[in-house]
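Breakdown of the fold
Read off the chains here:
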Amino acid sequence: MRKTTTLALIVGALVALGCGAGTSDDATTSSSGGKAETGAGQGGDTPKTAKIGQPARDGKFEFTVKSAKCGVAKVGSSALGAKAQGQFCLVTITVKNIGKKAQLLDGSSQTAYAANGTEYSTDTEAGLYANQEQSTFFEEINPGNQVTGVFVFDIPKTVKLTRLELHDSAFSGGVTVALG
């Protein structure tokens, strides 16, 4: 019953996101103050790559990857939790709204990549268990505010993630953060 309710909330959130999402126009091509920024939609400019601990901007969000820990078999409590198909990679990220309006953080718009280019999406159910105090799946952030949460990726045990692509919305250009 609980999984059905959670699934219904997630589907409702995706529908709301699809109805209200749009592209953002705050991305720039310059890099200042140690911040990597994208050039999405700026005539072929290549996005800069940030590192762990370095702020990186995409649209109305400034992302700072705090840590990445792989090899986790289960998240949540012993009573309620999620077990990895392979291994969970837990990526702790602070997201700050640098825009002038509230913006929705959509955890499903964030992706991780292995060295061979294989793309992995977030595990939203595991993310709910990993973030017992804070949601990162569908969180509205007001201007100037920030949230910190764990994004969970379920990847094969033999895979090592090399980078993330973080987005302020499903339609933004994204910014790359190197994990190694």
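The shown structure was predicted, so the numbers you read here are calculated from the model rather than taken from an experiment.

Focus: the overall build of the protein
- If you tally the helices and strands in the protein, you get two helices and twelve strands.
- In sequence order, the secondary structure elements of the protein are arranged as α-β-β-β-β-β-β-β-β-α-β-β-β-β.
- Residues counted as buried form 42% of the 180 residues belonging to the protein.
- In the protein, once contacts between residues fewer than 6 apart in sequence are set aside, the share between residues at least 24 apart is 66%.
- Looking at the protein as shown, the accessible area adds up to about 9400 Å², and 50% of this sits on carbon and sulfur atoms.

Observations regarding the state of the cysteines
- For the structure on display, the rule yields one disulfide.
- The disulfide that involves Cys70 links it to Cys89, with 2.0 Å between the sulfurs. An S-S torsion of about 115° defines the bridge between Cys70 and Cys89 as right-handed. One end of the pair, Cys70, is in strand β4 (residues 61-76); the other, Cys89, is in strand β5 (residues 81-97), and 19 residues separate them in sequence.
- What makes Cys70 partly exposed here is its relative accessible area of 38%.

Looking at the sheet that holds strand β7 (residues 111-114)
- Taken together, the five strands give an open sheet; going across it, the order is β2-β12-β11-β7-β8, and neighbouring strands pair in mixed fashion. If you trace the sheet from one side to the other, it starts and ends with β2 (49-51) and β8 (119-121), each paired once. Between one strand axis and the next, the sheet turns by 30° as a mean value, whatever way the strands run.
- Both β2 and strand β12 (residues 175-178) contribute to a ladder of three bridges, which runs parallel. Bridged to Thr49 within β12 is Thr176.

A word on the pattern of salt bridges
- Going through the model one piece at a time under the given rule, you end up with one salt bridge.
- Its salt-bridge partner being Arg57, residue Glu62 comes within 3.1 Å of it at the nearest N-O pair.
- Of the residues examined, Glu62 reaches a relative accessible area of 11% and is grouped as buried.

What to know about the packing of aromatic side chains
- Across all of its chains, the model carries one aromatic pair by this definition.
- The positively charged end of Arg163 is found above the aromatic ring belonging to Tyr113, 3.9 Å away from the centroid.

Some words on the nonpolar core
- Of all hydrophobic cores here, the largest spans 25 residues; its most connected members are Ile93, Phe153 and Leu164.
- Apart from the residues within four sequence positions on either side, Ile93 is in contact with Phe63, Thr64, Val65, Lys66, Val147, Thr148, Gly149, Phe151, Leu164 and Leu166.
- Counting ten residues, the second-largest nonpolar core is a separate cluster that includes Val75, Ala82, Ala84 and Val152.

Quick word on the side chain of Asp154
- Its location among the elements puts Asp154 in strand β10 (residues 146-155).
- In this structure, Asp154 is buried with no salt-bridge partner, the nearest side chain bearing the opposite charge being Lys157 at 9.3 Å.
- Separated by 2.8 Å, the side chain of Asp154 and the backbone nitrogen of Gln85 make a polar contact.
- Looking at Asp154, its side chain comes within polar contact range of the main-chain nitrogen of Gly86, at 3.1 Å.
- Aside from chain neighbours lying at most four places away, what touches Asp154 is Ala84, Gln85, Gly86, Gln87, Phe88, Tyr120 and Asp123.

With respect to the confidence of the model for the protein
- Per-residue confidence for the protein gives a mean pLDDT of 80; residues scoring 70 or more make up 72%.
- No element of the protein has a lower mean pLDDT than helix α1 (residues 2-20), which averages 41, and none a higher one than β7, which averages 98.
- For residues 1-33, every residue scores under 50 in pLDDT, and the model assigns this stretch 41 contacts once sequence neighbours within four places are set aside.
- Taken as a whole, residues 38-46 scores under 50 in pLDDT and shows 16 contacts with residues more than four places along the chain or in a different chain.

Cut-offs and rules
Residues numbered from 1 in each chain as written. Predicted model: local features only at pLDDT ≥ 70, side-chain atom pairs only at ≥ 80, totals over all residues. Heavy atoms only, no water. Helix = DSSP H or I, 4+ residues; strand = E, 2+ residues; numbered from the N terminus. Buried < 20%, exposed > 50% of the residue type's maximum accessible area, 1.4 Å probe, protein only. Contact = heavy atoms within 4.5 Å. Areas by Shrake-Rupley, 256 points an atom, 1.4 Å probe, with all protein chains shown as cover. Disulfide = S-S within 2.5 Å. Pairing = 2+ DSSP bridges. Axes fitted to C-alpha atoms, helices over the stretch in contact; angles between N-to-C directions. Salt bridge = Lys/Arg side-chain N within 4 Å of Asp/Glu carboxyl O. Phe/Tyr/Trp six-rings, centres within 6.5 Å; stacked < 30°, edge-to-face > 60°. Lys NZ or Arg CZ within 6 Å of the ring centre and 35° of its normal. Core = buried A, V, L, I, M, F, W, Y, C linked by side-chain atoms within 4.5 Å. Lys, Arg positive; Asp, Glu negative; His and termini not counted. Polar contact = N/O pair within 3.5 Å; in protein donor to acceptor, adjacent residues only side chain to side chain. pLDDT = per-residue confidence, 0-100.

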